[in-house]
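Observations on the three-dimensional arrangement
The lines below spell out each chain.
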Amino acid sequence: MFEKIVLASGNAGKLKEFSRLFADLNIEVLPQSQFNTPECPEPYHTFVENALAKARHAAKYSGLPALADDSGICTNALNGAPGIFSARYAGENPKSDAANNAKLSNDLADKDDKSCYYVCVLVLVRHENDPQPIIAEGIWRGQWQAEAAGTNGFGYDPHFYLAEHGCTAAELDPEIKNAESHRGQALRELLRKIEAL
């Protein structure tokens, strides 16, 4: 059904990860930059709406099926923040993992509830106006740890503590992380849905 899909992202790491996973289904993943796709606005307040907007945008410019993801970290004590603003929680100029982590640590400092969770929503559209996009979601629960630990991750991973492993996401073996993470969960659900078509 799908021979080629466009990834609605400029992230080289994501392109590599998705290309490897979709190779098993004989689906080639192309970067949206190959089609001179401009940056897509993300004006919505939910992961699913932003992922859908990005997928439709990439499909419009490429004329091919498109896959987008929107992901971030949510905290219960802060009503889901930073949520969709995870990448720019501490501001845009410049975007910085260290600044984002420092802000979240500060915002949670006086809160008793340190529970948090990563969310990943994947949306695949067959064409720009697909009335039935394929949507998959993964949620990975942990606890916020003020002290950073580990170097195997990015973003909030050095502070995302996993009690069942006794370490942060940035200290976790990459294979275990890929199997258990929000993105890993969402990808498996998406692949199941594609195979069931």
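Structure shown above.
First, a word on what this report is: a plain description of the structure on this page. Keep in mind it's a predicted model, so treat the numbers as computed, not measured. Each chain carries its own residue numbering, running from 1 in the written order of its sequence. For a predicted model such as this one, the threshold for reporting local features is a pLDDT of at least 70, and the threshold for listing and counting side-chain atom pairs is 80 or more; totals across whole chains, interfaces and linings nevertheless cover every residue. Only hydrogens and water are removed before side-chain values are computed, so all heavy atoms of the structure are retained for them.

Quick word on the overall build of the chain
- For the chain, the helix and strand inventory stands at five helices and seven strands.
- Tracing the chain from N to C terminus, the helices and strands come up as β-α-β-α-β-α-β-β-β-β-α-α.
- By the compact-globule yardstick of 16 Å for 197 residues, the chain fits well, its C-alpha radius of gyration being 17 Å.
- Dimensions of the chain along its principal axes, counting C-alpha atoms only, are 50 × 35 × 25 Å.
- Put simply, of all contacts in the chain between residues at least 6 apart along the chain, 59% involve residues at least 24 apart.
- Only the protein chains shown count as covering a residue, and every accessible area follows the Shrake-Rupley method with a 1.4 Å probe. Carbon and sulfur atoms form 49% of the exposed surface of the chain, whose accessible area is close to 10,100 Å².
- Each charge class in the chain can be summarised by its mean position, and for the 19 positive and 27 negative side chains these summaries are 4 Å apart. Elements are defined by DSSP. Helices are runs of H or I of four residues or more, strands are runs of E of two residues or more, and each kind is numbered from the N terminus. Radius of gyration here is computed from C-alpha atoms only, and the compact-globule reference equals 2.2 Å multiplied by the residue count raised to the power 0.38. Note on contacts: a residue pair qualifies if any of its non-hydrogen atoms lie within 4.5 Å across the two residues. In this tally, Lys and Arg are treated as positive and Asp and Glu as negative; His is ignored, and so are the chain termini. Where a charge sits is defined by one atom per residue type, namely NZ (Lys), CZ (Arg), CG (Asp) or CD (Glu).

Focus on the sheet that holds strand 3 (residues 66-75)
- DSSP bridges decide pairing: two strands pair if at least two such bridges lie between them. Strand order in the open sheet made by the seven strands is 2-1-3-4-5-6-7, with mixed pairing throughout. With partners counted over all chains shown, the strands left at the sheet margins are strand 2 (28-31) and strand 7 (167-168), one partner each.
- Along the sheet, helix 1 (residues 12-23) makes contact with strand 1 (4-7), strand 2, strand 3 and strand 4 (115-125), crossing strand 2 at roughly 165 degrees.
- Only the contacting stretch of a helix is used when fitting its axis, a line to C-alpha atoms as for every element, and angles between N-to-C directions run 0 to 180 degrees. Packed on one face of the sheet, helix 2 (residues 47-62) meets strand 1, strand 3, strand 4 and strand 5 (134-144) and runs near 160 degrees to strand 3.

Describing the pairing of strand 2
- The pairing of strand 1 with strand 2 spans four bridges and is classified as parallel. Within strand 2, the position partnered with K4 by the bridge is E28.

Remarks on the packing of helix 1 against helix 5 (residues 182-195)
- Between helix 1 and helix 5, whose axes approach to 12 Å, the crossing angle comes to 40 degrees. As judged from the angle between their axes, helix 1 and helix 5 are oblique. As for how helix 1 packs across helix 5, the hand of that crossing is right-handed. Taking contact as the criterion, the partners of K14, E17, F18, L21 and F22 in helix 1 are, on helix 5, R183, L187, L190, L191 and I194.
- Put simply, Ala, Val, Leu, Ile, Met, Phe, Trp, Tyr, Cys and Pro go in the nonpolar bin, Asp, Glu, Lys and Arg in the charged bin, and everything else, Gly too, in the polar bin. For the contact of helix 1 with helix 5, the class distribution of residues is seven nonpolar, no polar and three charged. Here roughly perpendicular refers to angles of 65 to 115 degrees, roughly parallel to angles under 35, roughly antiparallel to angles over 145, and oblique to all remaining angles. Helix crossings get a hand from a simple test, with the near helix turned counterclockwise from the far one by less than a right angle marking a left-handed crossing and a clockwise turn marking a right-handed one.

Remarks on the nonpolar core
- Residues belong to one nonpolar core when they are buried, are Ala, Val, Leu, Ile, Met, Phe, Trp, Tyr or Cys, and are joined through side-chain atoms within 4.5 Å. A simple rule labels every residue: compare its accessible area, found with a 1.4 Å probe on the protein chains alone, to the largest value its type can have, and call it buried under 20%, exposed over 50%, or partly exposed in between. Judged by nonpolar contacts, the single largest core of 18 residues is most densely connected at I5, F18, F22, L67, L122, L124 and L190.
- For this core, the secondary-structure elements that each account for two or more residues are strand 1, helix 1, strand 4, strand 5 and helix 5.
- If we skip the residues at most four places from it in the chain, F22 touches I5, I27, V29, L67, L187, L190, L191 and I194.
- A8, F47, A58 and V125 belong to the second largest nonpolar core, which has 16 residues in total.

Looking at unusual backbone geometry
- Residue P82 is bonded to the preceding A81 through a cis peptide linkage, with omega at 0 degrees.
- Residue N93 is joined to P94 through a cis peptide bond whose omega torsion reads -10 degrees.
- Assignment of secondary structure puts P94 in the loop between strand 3 and helix 3 (97-108).
- Phi is positive for N36, close to 50 degrees, though the residue is something other than glycine.
- Topologically, N36 is positioned in the loop between strand 2 and helix 2.
- Classification of N36 by relative accessible area gives exposed; the value is 68%.

Coordinates in, geometry out; function isn't part of it.
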